[in-house]
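The lines below spell out each chain.
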Amino acid sequence: MSLQSTLFSGCSPSGTLTLGNYIGAVKQWVQCQDDYDGIYCVVDMHAITVKQDPYLLRQRVWDFYALYLACGLTPDKSTIFIQSHNPHHSELTWVLSCLTMFGEMSRMTQFKSKSRKHESTVGLFTYPILMATDILLYQTSLVPVGKDQVQHLEITRDLAERFNNRYGSIFTMPEAYLPTEGAKVMDLQDPGKKMDKSSPNPKSYITLLDTPDEVRAKISKAITDSQGRFDTGEELSGINNLVTIYCSLTGEDRSFVINQFEPQGYKVFKDSLVDVILAHLVPIQERYHHYKEDHSYLEQLAKEGCEKAMGKSKVTLDKVKEAVGF
Ligand code: AQP
């Protein structure tokens, strides 16, 4: 039995994985592999909370799976699977839905913002219950969360506590895991917003599959500062975001980077940033293409990953069914 803490995370295949997903999530997961029992999921059930093209969705699911591996997740160390392949997620979601109050769901701010852009389906409304399931099903103790997900982790903890009080102590109480290096990467055209894979403007994000020319063009057009400063004193400035990307990928100190590039100006900095980004992306893309060449191998890995995941989730689900009287 593993004595490591269980860590659960996933990305939603609602677009192509971005540099934001890489810096804020996947790169951290890879670094955590030796220290945690990591469970990493392609959360396609989350993706359909907003309208998706079925053909594109299936393609993206496999692209995500191949990219997780290409970024360095390994099935030997982590459990890597596709959410919809494990039916236990739907089953536990129903049980938890029957413990969730309409009022507490209504307070979720992400629903309020997303329902302005998408159809207000019941699935979009109750999506935090599915997220709670993802976490509780694997007795997760640590969940890497950005600020926008803190509210959803809180409701997960509320549901775990409510269930445990009513039916006996079955769920582990999850805590937020705040990685020291994980940075929030902002939109290249609007640094007030986070870089988002489903943004309608492709210039606002870099995907892990962008060509060198696309990366160069997007970085050269990225917003900086009208006065040419490197240290604007504003957290949400374009240049601040580019320096964050540079530091996250190189591990270099922010003030060192600013001192190095300030005398040389934005052009030299941006050229160097492109080199840094491509030094990460090119090897990832080579490995990605290697995995994509053999779809049956990918399917085999996903099947084994799912069996490993279901081995864990079944233990929890059996206890839940017994506890609620099924
Ligand atoms: N810009 C970002 N900077 C740092 N970390 C980020 N993450 C996402 N964007 C950034 C982290 O990646 C993980 C998975 O996120 P996700 O894209 O699947 O979920 P989301 O960010 O909440 O996006 P949506 O709403 O599901 O989909 P789209 O992209 O369609 O809007 C998380 O750990 C997240 O913090």
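For the structure itself, look to the data block above.
Residues numbered from 1 in each chain as written. Predicted model: local features only at pLDDT ≥ 70, side-chain atom pairs only at ≥ 80, totals over all residues. Heavy atoms only, no water.

Tracing the backbone through its elements, the reader meets Ala 47 in helix α2 (residues 44–47). The buried category is assigned to Ala 47, whose relative accessible area is 1%. Taking the C-alpha atoms as reference points, Ala 47 and Lys 184, separated by 137 residues in sequence, lie 21 Å from one another. Those residues in contact with Ala 47 that lie beyond four places of it in its chain are Ser 12, Pro 13, Ser 14, Gln 52 and Leu 57. (Helix = DSSP H or I, 4+ residues; strand = E, 2+ residues; numbered from the N terminus. Buried < 20%, exposed > 50% of the residue type's maximum accessible area, 1.4 Å probe, protein only. Contact = heavy atoms within 4.5 Å.)

Bringing the layout of surface pockets into the picture now. Each pocket or cavity is described by its volume, and for the second largest pocket that value is around 290 Å³. As for the second largest pocket, its lining consists of 16 residues, and the residues nearest its centre are Thr 93, Gly 123, Thr 126, Tyr 127 and Leu 130. Elements with a minimum of two residues in the lining of the second largest pocket: α4 (88–97), α5 (102–106) and α7 (122–137). Of all the elements, α7 adds the most residues to the lining of the second largest pocket, at 6 residues. Along the lines of polarity and charge, the residues of the lining of the second largest pocket split into 10 nonpolar, 6 polar and no charged. (1 Å grid on protein atoms, 1.4 Å probe; cavity = no way out; pocket = protein on both sides within 12 Å on 5 of 7 lines; lining within 4 Å. Points joined across faces, edges and corners; volume = space filled by probe spheres on them. Nonpolar A, V, L, I, M, F, W, Y, C, P; charged D, E, K, R; others polar.)

Before going further, it helps to examine the pattern of salt bridges. One pass over the structure, following the stated rule, counts 12 salt bridges. Asp 34 is paired through a salt bridge with Lys 77; the nearest N and O atoms lie 3.1 Å apart. Here Asp 34 is found in the loop between α1 (19–32) and β2 (37–42), whereas its partner Lys 77 is found in the loop between α3 (54–71) and β3 (79–82), with 43 residues between them in sequence. On the accessibility criterion, Asp 34 (54% relative accessible area) is exposed. Owing to a relative accessible area of 41%, Lys 77 belongs among the partly exposed residues under this scheme. In this structure, the salt-bridge partner of Glu 175 is Arg 157, at a minimum N-O distance of 3.7 Å. Of this pair, Glu 175 sits in strand β5 (residues 175–177) while Arg 157 sits in helix α8 (residues 150–167); the two residues are 18 residues apart in sequence, bridging distant segments of the chain. For Glu 175, a relative accessible area of 43% puts it in the partly exposed group. Among the residues examined, Arg 157 registers a relative accessible area of 30% and is labelled partly exposed. (Salt bridge = Lys/Arg side-chain N within 4 Å of Asp/Glu carboxyl O.)

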